[in-house]
Amino acid sequence: MSNNMLSKDALAGKIILVTGGGTGLGRSMTKFLLESGAKVAISSRKMDVLEKAAAELREETGGEVLPLSCDVRNYEEVEKVFADIESAWGQVDVLINNAAGNFVSPTERLSHRAFDTVVDIVLKGTYNCTLAYGKRQLEAGKGGNVISIVTTYAATGSGFVVPSACAKAGVVALTRSLAAEWGGKGFRFNAVAPGPFPTKGAWERLMPDNVKDLVDIKKRVPLQRVGEHHELANLITYLASDYSAYINGDIITIDGGEWLQGAGQFNPFKQIPSQMWDMVEQMTRSAGKK
Ligand code: HXC
Ligand code: NAP
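Everything in this summary refers to the structure shown in the same document. Note that the structure is predicted; figures quoted are calculated from it, not measured.

1. Description of the site of ligand 1
Here is step 1 of the chain: What surrounds ligand 1 is a group of 17 residues, the closest being Arg45, Asn102, Ser111, Arg113 and Arg205.
Here is step 2 of the chain: For ligand 1, an oxygen atom lies 2.8 Å from a polar atom in the side chain of Arg45.
Here is step 3 of the chain: Taking 1100 Å² as the accessible area of ligand 1 by itself, protein coverage stands at 60%.
Here is step 4 of the chain: Where the shell around ligand 1 is concerned, the elements lending two or more residues are helix H4 (112–139) and helix H7 (200–206).
Here is step 5 of the chain: Looking at the shell around ligand 1, its residues break down into seven nonpolar, six polar and four charged.

Below, the structure is given as structure tokens:
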């Protein structure tokens, strides 16, 4: 049985661009979008990676995939991607801003160029794609659907990934701002904030082996596990479809409750063994009685 919750024609006729669609979560989303009947263009810097992914995805799904090389930091390259998709298929119905750059580092060890690099890929890359897409759609008298992949720390902030946190917070602001400004023009803008979903790209840069032994990521999640790619891919497929037509301006978290566990002051009390709670209760009941 397929893990895809939507029917094979839920996205029939739709043209979708997934930036960073050749690897990791972008590739998993692309597979589900294809299975639901969309034509999907995938773009990133490495054409060899994109071509290999496109060939595999065609084989796996029978769908139409268009690999296009593009550094999202460069506005002219972004413009060219949309022009190429239009020549091949027509105007893009859904833009998925998924491309990102990130690595863990104490902030004081970062050069200003390292900071720029992450912010340029994540924030500038996202507004480049969103602006180029929005202008083309408006000129053609059409609306659009933009889904941006952020992180839960876009809202909370996080040490050791500060450029990424700043940039993703900017993407959240872009999403909410344009949901209001262009909502009346037939657009909708949403973002998805995933918790931990292991991918080679993220884990090599954020969870290298020597760190993995120190931090058990599963214990940070109330559901005691990491996310599975099909869980995120189903959410993205739904947001790309017209079934979600009334969802606009939202930031949807899919993290097994991870960020809340970190935020709730008394959540670490889960570590208190159940047999100790009788004693704790006795003590709290007797509070103020002495
Ligand atoms: C400190 C570093 C560094 C590191 C690079 N730099 N890596 N500084 N620690 N690990 C510095 C370099 O020295 C240089 O600064 C500047 O950053 C630019 O580096 P380049 O290698 O020239 O950049 P570039 O080739 O553009 O590569 C971008 C990249 C790379 C971000 C550095 O990792 C990349 O291509 N990433 C793409 C994929 C990715 O990051 N995926 C993970 C997404 S996960 P100087 O001063 O020396 O010139 C995610 C959220 C996960 O986003 C949330 C998990 C729960
Ligand atoms: P990934 O496989 O490394 O994906 C990042 C993609 O971005 C790659 O395909 C990369 O391709 C592309 N990219 C990087 N810089 C680019 C640039 N300048 N121009 C164009 N494309 C560029 O990592 P992932 O884990 O799947 O991450 C996908 C998205 O999910 C990201 O937005 C990430 O922040 C988000 N996310 C992931 C997790 C997680 O647990 N994995 C959690 C929260 C959020 P090239 O190298 O070929 O350019």
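Still more to cover.
2. Let's talk about the sheet that holds strand S3 (residues 65–69)
Here is step 1 of the chain: Across the sheet, seven strands lie side by side as S3-S2-S1-S4-S5-S6-S7; this open sheet has parallel pairing. Taken across any chain shown, the strands that pair with only one partner, and hence form the sheet edges, are S3 and strand S7 (251–254). Direction aside, neighbouring strands of the sheet carry axes that sit 20 degrees apart on average.
Here is step 2 of the chain: As defined by bridge partners, strand S1 (residues 15–19) adjoins strand S4 (residues 94–97) across three bridges and the pair is classed as parallel. Counted as the bridge partner of Leu17 is Leu95 from S4.
Here is step 3 of the chain: In the packing of H4 onto the sheet, contacts are made with S1, S4, strand S5 (144–149) and strand S6 (187–194), and the angle to S4 comes to roughly 170 degrees.
Here is step 4 of the chain: Sheet contacts for helix H6 (residues 162–181): S5, S6 and S7; angle to S6, the most-contacted strand, approximately 150 degrees.

3. Thoughts on the pattern of salt bridges
Here is step 1 of the chain: Enumeration according to the criterion identifies 15 salt bridges in this entry.
Here is step 2 of the chain: A salt bridge links Glu60 to Arg27, with the nearest nitrogen and oxygen atoms 3.1 Å apart. One end of the pair, Glu60, is in helix H2 (residues 47–61); the other, Arg27, is in helix H1 (residues 24–35), with 33 residues separating them in the sequence.
Here is step 3 of the chain: Note on Glu60: relative accessible area 42%, which makes it partly exposed.
Here is step 4 of the chain: Relative accessible area serves as the criterion here: at 19%, Arg27 is assigned to the buried category.
Here is step 5 of the chain: A salt bridge links Asp209 to Lys212; its shortest N-O distance comes to 3.0 Å. With Asp209 and Lys212 both in helix H8 (residues 209–212) and three residues apart, this pair spans about one turn of that helix.
Here is step 6 of the chain: Through salt bridges with shared partners, one network takes in Arg27, Lys31, Lys52, Glu56 and Glu60.

4. Some thoughts on unusual backbone geometry
If a residue is not glycine, its phi is most likely negative; likewise, a peptide bond is most likely trans.
Here is step 1 of the chain: The phi angle at Phe160 is positive, at roughly 75 degrees, despite the residue not being glycine.
Here is step 2 of the chain: Along the chain, Phe160 falls in the loop between helix H5 (153–156) and H6.
Here is step 3 of the chain: What makes Phe160 exposed here is its relative accessible area of 52%.
Here is step 4 of the chain: Positive phi outside glycine occurs at Gln224, with the angle close to 60 degrees.
Here is step 5 of the chain: Summarising the element assignment, Gln224 is placed in the loop between H8 and helix H9 (229–240).
Here is step 6 of the chain: Taking relative accessible area as the criterion, Gln224 reaches 46% and is therefore assigned partly exposed.

5. Notes on the environment of Lys218
Here is step 1 of the chain: One can find Lys218 in the loop between H8 and H9.
Here is step 2 of the chain: Residue classification places Lys218 among the partly exposed positions, given a relative accessible area of 43%.
Here is step 3 of the chain: Sequence separation of Lys218 and Thr61 is 157 residues, and the distance between their C-alpha atoms is 32 Å.
Here is step 4 of the chain: Residues within four places of Lys218 in sequence aside, it is in contact with Gln224, Arg225 and Val226.

About the criteria used
- Residues numbered from 1 in each chain as written.
- Chains lettered and ligands numbered in written order.
- Predicted model: local features only at pLDDT ≥ 70, side-chain atom pairs only at ≥ 80, totals over all residues.
- Heavy atoms only, no water.
- Near = heavy atom within 4 Å.
- Polar contact = N/O pair within 3.5 Å; in protein donor to acceptor, adjacent residues only side chain to side chain.
- Areas by Shrake-Rupley, 256 points an atom, 1.4 Å probe, with all protein chains shown as cover.
- Helix = DSSP H or I, 4+ residues; strand = E, 2+ residues; numbered from the N terminus.
- Nonpolar A, V, L, I, M, F, W, Y, C, P; charged D, E, K, R; others polar.
- Pairing = 2+ DSSP bridges.
- Axes fitted to C-alpha atoms, helices over the stretch in contact; angles between N-to-C directions.
- Contact = heavy atoms within 4.5 Å.
- Salt bridge = Lys/Arg side-chain N within 4 Å of Asp/Glu carboxyl O.
- Buried < 20%, exposed > 50% of the residue type's maximum accessible area, 1.4 Å probe, protein only.

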